[in-house]
Amino acid sequence: MDSTRIGSAQRKLRKSAVLGVLDRLARPLLRRVDPEDAHAFALRALRLAPLSRPQADDARLAVAAFGLTFPNPIGVAPGLDKNALVPDALLRLGFGFVEVGTVTPRPQPGNPRPRVFRLEADQAIINRLGFNSEGLDAARARLAARAGRGGIVGVNIGANKDSPDRGADYVALIAALAPVVSYFAVNVSSPNTPGLRDLQQRAMLDDLLARAIEARERAAAAAERKPVLLKIAPDLALADLDDVVAVARARAVDGMIVSNTTISRPAGLHDKDAAQAGGLSGRPLFRLSTRMLAETFVRAEGRFPLIGVGGIDSGAAAFAKIKAGASLVQVYTGLVYRGLDLVAAIKTDLGNFMRLARHDRLAEAVGRDAAAVTAEPWPT
Ligand SMILES: Cc1cc2nc3c(=O)[nH]c(=O)nc-3n(C[C@H](O)[C@H](O)[C@H](O)COP(=O)(O)O)c2cc1C
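Heads up: these notes are all about the structure in this document. None of the values given here were measured: they were computed from a predicted structure.

A count of helices and strands for the protein chain gives 12 helices and 13 strands. Radius of gyration (C-alpha) of the protein chain: 20 Å, near the 21 Å computed for a compact globule of 380 residues. Projected onto its principal axes, the C-alpha positions of the protein chain cover 65 × 45 × 45 Å. In the protein chain, which comprises 380 residues, the proportion classed as buried is 55%. Long-range pairs, those at least 24 residues apart, make up 74% of the contacts in the protein chain between residues at least 6 apart in sequence. Within the protein chain, one finds 51 positive and 39 negative side-chain charges whose respective centroids are separated by 5 Å.

As C-alpha cells, then:
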C-alpha cells in the first residue's frame, strides 16, 4: 500500500473512531434527556460528523430486490430521519439503504409533547408523534440536492391528518418525489393518525393502491419507474391480512414492509411508561412482527419480496427475520439501545450465520422458517 493510501486509511479509521467515541459517550447522556431532544441532538451530530465512505460490504451480503441492488440488507427504518436531513450520513455509517419519512404533503406539527417514551426496562419505545412532518417541499428540496450521489434512499409517505382525500395525498407525494427517491413505502399503518389504518380495509386499500400505482406509472414517463411498497401494521387479524395480501398481489405492488409499531401491549412489559398511548417498537415487538412477516410470506407465495422490521437488535434477530421471510430488514429502536455499532455487528453475524449454513447468498435463507413460524402458538 503506498503512503497516500495508508494516510487515507488512517484518516478513515480516525473518523470512525471519533464517531464511535461520540456514540458511546453521548448515549448514556442522551438517555437522561427528553427522547425527542436527544433525537434532535443525534441528527445534528450526524449532519456534522466527518464521515467517510464505509468499507465495501462482503459481496455475499448483497441483495437484489424490487429491481434495485442493495449492498447489504440492513436499512434504516422510517421515523429516524422524517425530513430527509441525513440520508447520506446514514448510508456512510454502513446501512444498505435508508427510508426517510414519513413525509406528508403539507407540513404538520403532529401531536402535543411529550409523545415519545423510552421504555428502558423493556428495550422499547412508545411513540405517538402523529406524522410530524416538515412537508413535501422541504423533503423534496433535500432529496433533490443529494439525488446524484447514489445509494438507495426510499421515502415513506403518508396523508395529512386533516386531509379531505387521503388517496390524493399519496398520489401528490408520488408525483412530486418520483424523480428523487429509489422507492416509495405507502404507509397505511401508523397508529397515531386517526382513521389511517382503515386504509388497510379491502375496498379502501384496493382504491388507494390502484391510485398509487397509476401515479407511479404516470411519473415513470419523466423519471424511472419507482417501486411501490406497502407497509402494514402488526395488529391485523389474519383474515384481514388475507385481504391485504390479496389486494397487494392483485395491484402488483413491488413489495411489502412488515411491520409498523403495535398498539398491543405484549405480556411482560415492566417499564412505568408501558401504558402510554401510542405505537410500541423495539424488543417486545419482535415476536409479533416476525409472526406477521411469516404469515405475509406464506400468503405472498413469492410474488414480491418483503422487508422485515420490528425489534431487531442483534445479528441473530436479523437472521431470524430473514428466515421468517424477509429479503431485507430495517432497524430503528435497536439503534437507540445498541448504538451505531449494531450495523457492523449484524453484518459480521450474518456473514457467520451464512458460513455455518453454507449459504453463498442471503436469498437462500429467505423464508426457510416461515412455515414453522406460522405453526407456533400465537405470540402474547
Ligand atoms: C420514534 C419513532 C417514530 C416512527 N415514525 C415512523 C414514521 O414516521 N413512519 C413509519 O412508517 N414508521 C415509523 N416508525 C416505525 C418504525 O419505522 C418501525 O416500523 C418500528 O419502530 C419497528 O421497528 P423497531 O422495533 O426496529 O423500531 C417510528 C418508530 C419510532 C420508534
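Read on for the rest.
If you trace the backbone, threonine 333 turns up in helix 10 (residues 333-338). For threonine 333, a relative accessible area of 6% gives the class buried. Setting aside anything within four residues of it in sequence, one finds threonine 333 in contact with Gln123, Ala124, Ile125, Ser281 and Gly282.

Taken together, 24 residues sit near the ligand, with Pro78, Lys82, Thr102, Gly311 and Thr333 positioned nearest. One of the side-chain N or O atoms of lysine 231 is found 2.9 Å from an oxygen atom in the ligand. When the residues that make up the shell around the ligand are grouped by side-chain class, the tally is 8 nonpolar, 14 polar and 2 charged.

Reading guide: rules and limits
Residues numbered from 1 in each chain as written. Predicted model: local features only at pLDDT ≥ 70, side-chain atom pairs only at ≥ 80, totals over all residues. Heavy atoms only, no water. Helix = DSSP H or I, 4+ residues; strand = E, 2+ residues; numbered from the N terminus. Rg over C-alpha atoms; globule rule 2.2 N^0.38 Å. Buried < 20%, exposed > 50% of the residue type's maximum accessible area, 1.4 Å probe, protein only. Contact = heavy atoms within 4.5 Å. Lys, Arg positive; Asp, Glu negative; His and termini not counted. Charge placed at Lys NZ, Arg CZ, Asp CG, Glu CD. Near = heavy atom within 4 Å. Polar contact = N/O pair within 3.5 Å; in protein donor to acceptor, adjacent residues only side chain to side chain. Nonpolar A, V, L, I, M, F, W, Y, C, P; charged D, E, K, R; others polar.

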